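Overview (structure and organization)
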Amino acid sequence: MSPLARTSPASLRAALRRTPKQVRGFGLHPLKEHTAHHNMPFTYDNRRKFATRYAGAAATFFMIPFIAVGYQLRKSGGAA
């Protein structure tokens, strides 16, 4: 038997009467209105600042494997 079939009709009606503000969100963040283009966990209102941070993070993440290889070669005494 499915869980919906076991639920009483009275509790289903009560759930349908709730307004969205009465519905509790899961997790640490409260429920917010989802509007178009506001679903990112960061803001990019200042595009120059966002581009600078994005380029810095991308360059850092790109360099990590090369730094690790250089460290391992230097540690083992191999030719760099």
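Okay, so let's go over this structure. Owing to the predicted nature of the structure, the values given are computational and were not obtained by experimental measurement.

Concerning the overall build of the chain
Helix and strand counts for the chain stand at three helices and zero strands. Its helices and strands taken in sequence order, the chain reads α-α-α from the N to the C terminus. Put simply, the chain has 80 residues, and 0% of those count as buried. Per element, the accessible surface of the chain, about 8,300 Å² overall, is 63% carbon and sulfur.

Quick notes on the packing of aromatic side chains
Where two aromatic rings form a pair, the distance of their centres and the angle of their planes describe that pair. According to the stated counting rule, one finds two aromatic pairs in the structure shown. Ring geometry for F62 versus F66: centroids 5.4 Å apart, planes at 50°, classification tilted. With F62 and F66 both in helix α3 (residues 47-76) and four residues apart, this pair spans about one turn of that helix. Across this residue pair, the class does not change: F62 and F66 are exposed.

Rules behind the numbers
- Residues take numbers from 1 onward in each chain, read along the sequence in its written order.
- Only residues with pLDDT of at least 70 are given local features in this predicted model, and only at 80 or more are side-chain atom pairs given and counted; all residues enter the totals for whole chains, interfaces and linings.
- Each side-chain value is derived from all of the structure's non-hydrogen atoms; neither hydrogens nor water enter the calculation.
- Secondary structure elements follow DSSP: runs of H or I of four or more residues count as helices, runs of E of two or more count as strands, with numbering from the N terminus.
- Partly exposed describes any residue whose relative accessible area lies between the buried limit of under 20% and the exposed limit of over 50%, with all areas from a 1.4 Å probe on protein chains only and scaled to the type maximum.
- Computed with the Shrake-Rupley method and a 1.4 Å probe, the accessible areas treat only the protein chains shown as cover for residues.
- Note on aromatic pairs: the rings of Phe, Tyr and Trp (six-membered ring only in Trp) are paired at centre separations within 6.5 Å, and the planes decide the class, stacked below 30 degrees, edge-to-face beyond 60, tilted for the rest.

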